[in-house]
Amino acid sequence: MSLYTYFSGILGGLFLLSGFFSLFLYVGGVERKINLPYFAFALLLCGAGLHGALIGFQTTVEAAVMHDRIVNALLLGASAAFVMMITGLTGYGSRRILTALLLPIPLFLVINFTQPGGLTFSRNTVLHSEDLVWGEHIVALEGPTAASNWLLIAYLFCLIAFVVLAARHQMRTGEPRYAKRLLLVILFGFLGMTLDIFMLEFRMGTISILDDVGYFAFVFLIGHRNFTNLIRSKELIRASEERFSRLTEAAFEGIAISEAGVIVDANTQFSDMFGYEPRSVIGKPIADFMATSSRELVRSHINAGENAVNEHTGLRRDGSAFPIELRTRQMQVDNRDVRVTVLRDITERKATERELIAQKERAEQSDTLKDAFIAAISYEIRTPLNVILGHTSLIRDT
């Protein structure tokens, strides 16, 4: 094999690798409308390139035509993925446009697998030896071009027109600089693939070079975008974690994040509240920080996934108990169920409540004593007054 063949293999491998990288980002939830179609696009195009290379090693016309059919089928599948990828990149493409672009593909597939020469050749297909311009000797199919092949070329030019319209749409509604880059890269790459179908025999070598540059263009466009998005996502995640850390450290309450009842993160206030070192609370069950009387109730709330506000008795590292208020919230982080618990030491509040109750009791006792005193005084005053009033009545009668 020539150096060019190795070079083409390396570019194809990079293209496929960028597709799997897009699949990885799709699973991670990054630009799913772009990365899944690009993965399918890269996988199908690489498959088409592999079967196209296998044609040169066949010894019978039937085997070579079968590989040519597979190449055409994979290219048609890649065209569908390409349409969805451009729609995801630019936001262009109504339901009517997508239907018009995707509807011919099943028809082409039927023609490809029912006609004797597939989409490419009409009849009398033969194998012939060919020397490529870079010195490599291969076996290729030769025969009259089928009318369906011209239809396929027209369809590919429709795809190019779709890219132009999509890029214009993005220039008006999105980022003009990125739209121009998209237009240049995709038009160049797709033009090479179209010319590879349009031109045969001697010029195939030159067009294949355009194909490889087109593959590299796709790798650069999507790969660069995905790498930038990944770096940006990591920076956003790191900034978000820093903001969360600052907020939790600035909070007056203790905050603990637990998974299946086991603490996975906690702020300094939480560890200080119970008398532990900041990192020593990680990995401990959150119920262990409760007094024995509260543990079963806390475990039942965790198992039930309840969001509630409750008062419990906490247990410090030195064994002393103190009243705490728990506010819990069940939530999902990275597709995992975690529980956020906010704890507040309510020792002072409880002391204040007890003092208020004591004052109320003293006030009520004072009111009782006052009523008894007034009743006694009233009795003592009423008795002599009754005597005086009685004598006054007798004097008045006499």
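Bear in mind the structure is a predicted one, so any value in this text is a computation, not a measurement.

Caption draft 1: Geometry of helix α3 (residues 61-90). The end-to-end C-alpha distance of α3, which contains 30 residues, comes to 43 Å, matching closely the 44 Å that a straight helix rising 1.5 Å per residue would cover. Downstream of α3 by a residue or two, G91 has a phi angle that is positive, lying close to 75°.

Caption draft 2: Empty space enclosed by the protein, seen in detail. Scanning all chains against the criterion turns up one cavity of 30 Å³ or more. In this structure, the largest cavity encloses a volume near 90 Å³. Surrounding the largest cavity, I286, V298, H301, I302, A308, N310, H312, L326, T328, R339 and T341 form its lining. No other element matches helix α10 (residues 292-304), which puts three residues into the lining of the largest cavity. A breakdown of the residues in the lining of the largest cavity according to their chemical character gives five nonpolar, five polar and one charged.

Caption draft 3: Quick peek at the pattern of salt bridges. Within the structure shown, the criterion is met by nine salt bridges. With a closest N to O distance of 2.8 Å, R349 and E311 form a salt bridge. Pair noted here: R349 is in helix α11 (residues 347-397) and E311 is in strand β5 (residues 309-315), with a separation of 38 residues, a long-range link. Look at E311 and you get partly exposed, because its relative accessible area is 42%. Taking the shortest distance from any N to any O, the salt bridge between E325 and R327 comes out at 3.4 Å. For E325, a relative accessible area of 8% corresponds to the buried category. A relative accessible area of 43% places R327 in the partly exposed class. Here the salt bridges share partners, and the residues they tie into one network are E311, E325, R327, R349, K350 and E353.

Conventions we followed
- Residues numbered from 1 in each chain as written.
- Predicted model: local features only at pLDDT ≥ 70, side-chain atom pairs only at ≥ 80, totals over all residues.
- Heavy atoms only, no water.
- Helix = DSSP H or I, 4+ residues; strand = E, 2+ residues; numbered from the N terminus.
- Expected span 1.5 Å × (residues − 1).
- 1 Å grid on protein atoms, 1.4 Å probe; cavity = no way out; pocket = protein on both sides within 12 Å on 5 of 7 lines; lining within 4 Å.
- Points joined across faces, edges and corners; volume = space filled by probe spheres on them.
- Nonpolar A, V, L, I, M, F, W, Y, C, P; charged D, E, K, R; others polar.
- Salt bridge = Lys/Arg side-chain N within 4 Å of Asp/Glu carboxyl O.
- Buried < 20%, exposed > 50% of the residue type's maximum accessible area, 1.4 Å probe, protein only.

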